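Coordinates in review
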Amino acid sequence: MKTEKKEENAVVIDVLPMGYMSDQRPTYKREPVVQAVGVDQFKLLELVPKPGADIQIYDRVYIGDAEREKVERVKRRISYDDLTATAKLELPFVVEQIVRENEPRFVDFFNKSVPITPKFHMLHLLPGIGKKLMWEIIEQRGKKPFESFADISGRIKSLPHPDRMIVSRILHEIEDPDEKYHIFTSR
């Protein structure tokens, strides 16, 4: 389970140079808004860009405590329902990109996942993994730890796309505010 900490980097999923259309203030009083997803804990964030900063969808921006190049401030954390239609469409692609860029971190999940309760394992939280597949994964990682997504799918034939399972789980955790277990995201 993830511990609560600040995001250092985020990937842009929508840019609103004139702010939200639902904002009733005159256009000249609105501030530009950037919607982004954090790279470490997949937090959905609303950012305010620096004046004149060129920010595009899929840009990776630094949002940590040090000097920021393109972002003036992190305005607030938002929920999935607060995302624009564009952001909702781009989110799966960005999450998939983050998972592929951080493959060792997610392969490590297959190597180190543990039971949550005596009858429920962390692997069960991935879509499509039942008891039989869970035991096959545990047996294979006992012989030799997995090294990559390709290694997992090569050794476990009934698991052709472990990366897609991870992406699907992350999206579920982001989209469902009532989800009890958060393995990859923070609440």
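Parameters and conventions
Position labels on residues start from 1 in each chain and follow its written sequence. A pLDDT threshold of at least 70 governs which residues receive local features in this predicted model, and a stricter bar of 80 or more applies before side-chain atom pairs are shown or counted, although totals over entire chains, interfaces and linings include all residues. Side-chain numbers here rest on the full set of heavy atoms in the structure, without hydrogens or water. Ring geometry is summarised as follows: Phe, Tyr and Trp rings, the Trp one being its six-membered ring, pair when their centres sit within 6.5 Å, and such pairs are stacked at plane angles under 30 degrees, edge-to-face over 60 and tilted between the two. The helix count covers DSSP runs of H or I at least four residues long, the strand count covers runs of E at least two residues long, and both are numbered beginning at the N terminus. In this scheme, a residue with accessible area under 20% of its type's maximum is buried, one over 50% is exposed, and one in between is partly exposed, where area comes from a 1.4 Å probe on protein chains only. Fitted lines through C-alpha atoms serve as axes, helices being fitted only where they are in contact, and the angles separating the N-to-C directions of these axes extend from 0 to 180 degrees. By the definition adopted for this analysis, an angle is roughly parallel if under 35 degrees, roughly antiparallel if over 145, roughly perpendicular if from 65 to 115, and oblique otherwise. The contact criterion used throughout is that any non-hydrogen atoms of two residues lie within 4.5 Å. Asp, Glu, Lys and Arg are counted as charged, while Ala, Val, Leu, Ile, Met, Phe, Trp, Tyr, Cys and Pro are counted as nonpolar; the rest, among them Gly, fall into the polar class. By definition here, a helix of n residues has an expected span of 1.5 Å times n minus one. Two axes enter the bend calculation: one fitted to the seven residues ending at the residue in question, the other to the seven starting there, and the bend is the angle between them. Two strands are said to pair when DSSP picks up at least two bridges between them.

All right, on to the packing of aromatic side chains then. Under the defined criterion, the tally for this structure stands at five aromatic pairs. Measuring from ring centre to ring centre gives 5.9 Å for Phe 109 and Phe 110, while their planes differ by 75°; the resulting arrangement is edge-to-face. Taken together, a centroid distance of 5.0 Å and an interplanar angle of 65° make the contact between Phe 109 and Phe 184 edge-to-face. One end of the pair, Phe 109, is in helix H2 (residues 103–112); the other, Phe 184, is in the segment after helix H5 (162–175), and 75 residues separate them in sequence. Judged by its relative accessible area of 4%, Phe 184 falls in the buried class. Within the aromatic cluster, the residues linked to one another by ring pairs are Phe 42, Phe 106, Phe 109, Phe 110 and Phe 184.

The geometry of H2 relative to H5 is characterised by a closest axis approach of 11 Å and an angle of 95° between their N-to-C directions. Here H2 is positioned roughly perpendicular relative to H5, judged by the angle of their axes. Seen from H2, the contacting residues are Phe 106, Phe 109 and Phe 110; seen from H5, they are Pro 162, Ile 166 and Ile 170. Partitioned by chemical class, the residues of the contact of H2 with H5 number six nonpolar, no polar and no charged.

Turning to helix H1 (residues 85–101), a few remarks are in order. In an α-helix there are 3.6 residues to a turn, and that puts residues three or four apart on one side. Between the first and last C-alpha of H1 there are 25 Å, a value that for 17 residues agrees with the 24 Å anticipated at 1.5 Å per step. Of all the bends found along H1, the most pronounced is centred on Leu 91 and spans about 35°, while Pro 92, a proline, follows it within four residues. Looking only at H1, the buried set comprises Ala 87, Glu 90, Leu 91, Val 94, Val 95, Ile 98 and Val 99. Buried residues along H1 sit in contact with strand E1 (9–16), strand E2 (33–38), strand E3 (44–49), H2, helix H4 (149–155) and H5.

Reading across the sheet, the five strands line up as E4-E1-E2-E3-E5 and stay open at both edges, with antiparallel pairing between neighbours. Unpaired on one side and paired on the other, strand E4 (60–62) and strand E5 (71–77) mark the two borders of the sheet. Strand-to-strand twist of the sheet, defined as the mean angle between neighbouring strand axes without regard to direction, takes the value 45°. Both E3 and E5 contribute to a ladder of five bridges, which runs antiparallel. Bridge pairing links Pro 49 to Val 71 in E5. Relative to E1, H1 is tilted by about 160°, and along the sheet it contacts E1, E2, E3 and E4.

Function cannot be read off these values alone, since they describe shape.
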